[in-house]
Amino acid sequence: MSNLAQNRHQAVGLSDQQVLDMYYYMVLARKIDERQWLLNRAGKVPFVISCQGQEAAQIGAAFALEKGKDYLCPYYRDLGVVLVFGQTARDCMLSAFAKAEDPNSGGRQMPGHFGSRKLNILTGSSPVTTQVPHAVGIALAGKMQGKDLVVFTSFGEGSSNQGDFHEGANFAGVHKLPVIFFCENNKYAISVPLKKQLACESVADRAIGYGFTGVSVDGNDPIETYRVMKEAVERARAGEGPTLIEAVTYRLVPHSSDDDDRTYRTREEVEEAKKQDPVLRFGAYLKEVGLLDDTSETELLERVQAEVDEATDYAENAPYPAPESALTHVYGA
């Protein structure tokens, strides 16, 4: 056992139990995602937009926030983030099947449009990056009301080219708002590679133009992501304003279940990226420091599999919304 490895999570303030919990959420996100792909290919759910390859960034970031106090304005891939904040495998499956009990929208929204008043998750929508100015608005309201809250908003690197991002970042920088801009740079805006999206070296380089800190981090490492996020949260709570974090990741699967990524990237590139799979990497780290062995890993996998199986069975057999409910919340009385 390496002392250096042993102390890496402890050095950033994470307990042994917290990193085991991180691993549980990473595995749970992966297994829910994999199950939804199978259901889609079987014709049982209409659409999947995946978090595979981005679990470490999402869960490392979420662990630095305070549930019940802080707010999420996530983007459509952030399955890992919302699981940490309290959504369940059953919730996710109800959404995928568009059932009446779906807590995000009652079966009205597409999968990946997370939302929960009780969990402080602002509902999302299909146009990319609209969540960024919304997050800035929540941060402004919190500051005006004297509340101790931090707002987390996430997006892909393609979204960092949209006007919503630039306007939100500029306003947040001017007013020193407690908002964290979390860019999950997975190298492709659907089919457009990074080199055709940015002229600068890193998304994080853009922060200086708005007067706040920008940091780029290995998004395949939940511990390092947590460290950077924790520092950003502390700055926000201290009144020092926003942070732009670029978590460098890789999308291991197509953009969505309707995409064929073979048209724009090679199988060799994807296979090379799989060598840095964050779930496998973090499992190896936990074994190296003596927190996980083959027996405990098998127990965790069986626990997660049972959770996903139960969620799938429940959601598949749950009732759809009544057709007339399509008009609910559309027109005022």
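Relevant structure appears above.
The full count for this structure, using the stated rule, is 22 salt bridges. Where Asp70 meets Arg237, a salt bridge forms, and the shortest distance between an N and an O atom there is 2.7 Å. Within this pair, whereas Asp70 is found in the loop between helix H4 (55–62) and strand E1 (71–73), its partner Arg237 is found in helix H9 (residues 222–237), the two being separated by 167 residues in sequence. A relative accessible area of 0% means that Asp70 is categorised as buried. Here Arg237 falls in the partly exposed class, since its relative accessible area comes to 28%. Three or more residues are tied together by salt bridges with common partners; here these are Glu66, Lys69, Asp70, Asp148 and Arg237.

Turning our eyes to something else, we now look at the environment of Lys287. Mapping Lys287 onto the fold places it in helix H11 (residues 278–288). Spatially, the C-alpha atom of Lys287 lies 9.2 Å from that of Glu297, the residues being 10 residues apart in sequence. Residues in contact with Lys287, not counting those within four places in the same chain, are Leu292, Asp293, Asp294 and Glu297.

Right, let's get into H11. Residues of H11 that are buried: Pro278, Val279, Phe282, Gly283, Tyr285 and Leu286. An end-on view of H11 places all buried positions within 155° of arc, on one side of the element. Measuring from the side-chain oxygen of the N-cap residue of H11 to the backbone nitrogen of Val279 gives 2.9 Å; that N-cap residue is Asp277. Once H11 ends, the next one or two residues include Gly290, with phi positive near 85°.

Rules used in this analysis
- Residues numbered from 1 in each chain as written.
- Predicted model: local features only at pLDDT ≥ 70, side-chain atom pairs only at ≥ 80, totals over all residues.
- Heavy atoms only, no water.
- Salt bridge = Lys/Arg side-chain N within 4 Å of Asp/Glu carboxyl O.
- Helix = DSSP H or I, 4+ residues; strand = E, 2+ residues; numbered from the N terminus.
- Buried < 20%, exposed > 50% of the residue type's maximum accessible area, 1.4 Å probe, protein only.
- Contact = heavy atoms within 4.5 Å.
- Arc of directions from axis to C-beta.
- Polar contact = N/O pair within 3.5 Å; in protein donor to acceptor, adjacent residues only side chain to side chain.

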